[in-house]
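# Residue-level structural notes
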Amino acid sequence: MMIAAALSGPSPDAPVAPTYEAARCVLIADTGALDRGRYVTADIPRELRQAEVEVLFCGDIHSREQFEQIAGYNITRYHAAGLTAAEAVRAMDQYRLALIRDYVGGTGCASHEGGPCNCGVD
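What counts and what doesn't
- Residues numbered from 1 in each chain as written.
- Predicted model: local features only at pLDDT ≥ 70, side-chain atom pairs only at ≥ 80, totals over all residues.
- Heavy atoms only, no water.
- Helix = DSSP H or I, 4+ residues; strand = E, 2+ residues; numbered from the N terminus.
- Buried < 20%, exposed > 50% of the residue type's maximum accessible area, 1.4 Å probe, protein only.
- Contact = heavy atoms within 4.5 Å.
- Areas by Shrake-Rupley, 256 points an atom, 1.4 Å probe, with all protein chains shown as cover.
- Pairing = 2+ DSSP bridges.
- Axes fitted to C-alpha atoms, helices over the stretch in contact; angles between N-to-C directions.
- Salt bridge = Lys/Arg side-chain N within 4 Å of Asp/Glu carboxyl O.
- Core = buried A, V, L, I, M, F, W, Y, C linked by side-chain atoms within 4.5 Å.

This part is about the overall build of the protein chain. Within the protein chain, the secondary structure is distributed over three helices and six strands. Ordered by position in the sequence, the α and β elements of the protein chain form the string β-β-β-α-β-α-β-α-β. Here the protein chain holds 122 residues, and 39% of them are scored as buried. Within the protein chain, contacts between residues separated by at least 24 positions form 49% of all contacts whose residues are at least 6 apart in sequence. Carbon together with sulfur atoms contributes 45% to the accessible area of the protein chain, which is approximately 6900 Å² in total.

Printed below as a string of structure tokens:
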């Protein structure tokens, strides 16, 4: 599975940044070869799409435009701030990471079809 992690530095051992915007780079790699991934710093949503990334590990996303592009490419966003990429993969596999359903300041989740959420909308 191709994943991406918005990291605080260009190393697979660097932690996921506290926010998407604070990341110094984004690691794109196969889950079985995190040490052989590549780091990108520009046009991140397009790079994720071209690499056929399925999951992005990041902190809160403040940019509406970036969030909507990433979500529009059907990339699942997991809140993994403070974890390394390998720790984030393990946590995801154990269903311990929260989904990022909207950008900070957004209107909440877009749908209630998947069950209850805490967006405040009935």
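So, next bit.
Let us look at the sheet that holds strand β4 (residues 55-58). The strand order β3-β2-β1-β4-β5-β6 describes an open sheet built from six strands, whose pairing is mixed. Both outer strands of the open sheet, β3 (38-40) and β6 (98-99), are each paired with one neighbouring strand and no more. Note that strand β5 (residues 76-79) and β6 share two bridges and pair antiparallel. Opposite H79, over in β6, you have A98 as the bridge partner. Strand contacts of helix α3 (residues 85-93): β1 (2-7), β2 (25-30), β4 and β5, with the helix running at about 120 degrees to β4, the strand carrying the most contacts.

With that out of the way, let us pick up the side chain of T84. Secondary-structure assignment places T84 in the loop between β5 and α3. With relative accessibility at 17%, the residue T84 sits in the buried group.

Time to look at the pairing of β2. Of all the six residues making up β2, five are buried; the element is thus mostly covered by neighbouring parts of the structure. Judged from the six bridges that link them, β1 and β2 form a sheet pairing that is antiparallel. Across the sheet, L7 pairs through a bridge with C25, a residue of β2.

Moving on, we come to the pattern of salt bridges. As enumerated under the stated definition, the model contains four salt bridges in all. As a salt-bridge pair, E47 and R38 come within 3.1 Å of each other at their nearest N and O atoms. The partly exposed category is assigned to R38, whose relative accessible area is 39%. The closest approach of N and O atoms between R64 and E68, which form a salt bridge, is 3.0 Å. Taken together, the residues R64 and E68, both in helix α2 (residues 64-72) and four residues apart, mark about one turn of the helix. Counted as one network, the salt bridges with shared partners bring together R38, D43, R46 and E47.

We now examine the nonpolar core. Y20, V26, I28, L48 and L56 are the most contacted members of the largest nonpolar core, which totals 20 residues. Counting residues per element, the ones that place at least two in this core are β1, β2, α1 (44-50), β4 and α2. Apart from residues no more than four positions distant in its own chain, L56 is found in contact with A4, A5, A6, Y20, L48, I70, I75, T76, R77 and Y78. Within the second largest apolar cluster, 19 residues are counted, among which are A5, L7, A80 and L97.

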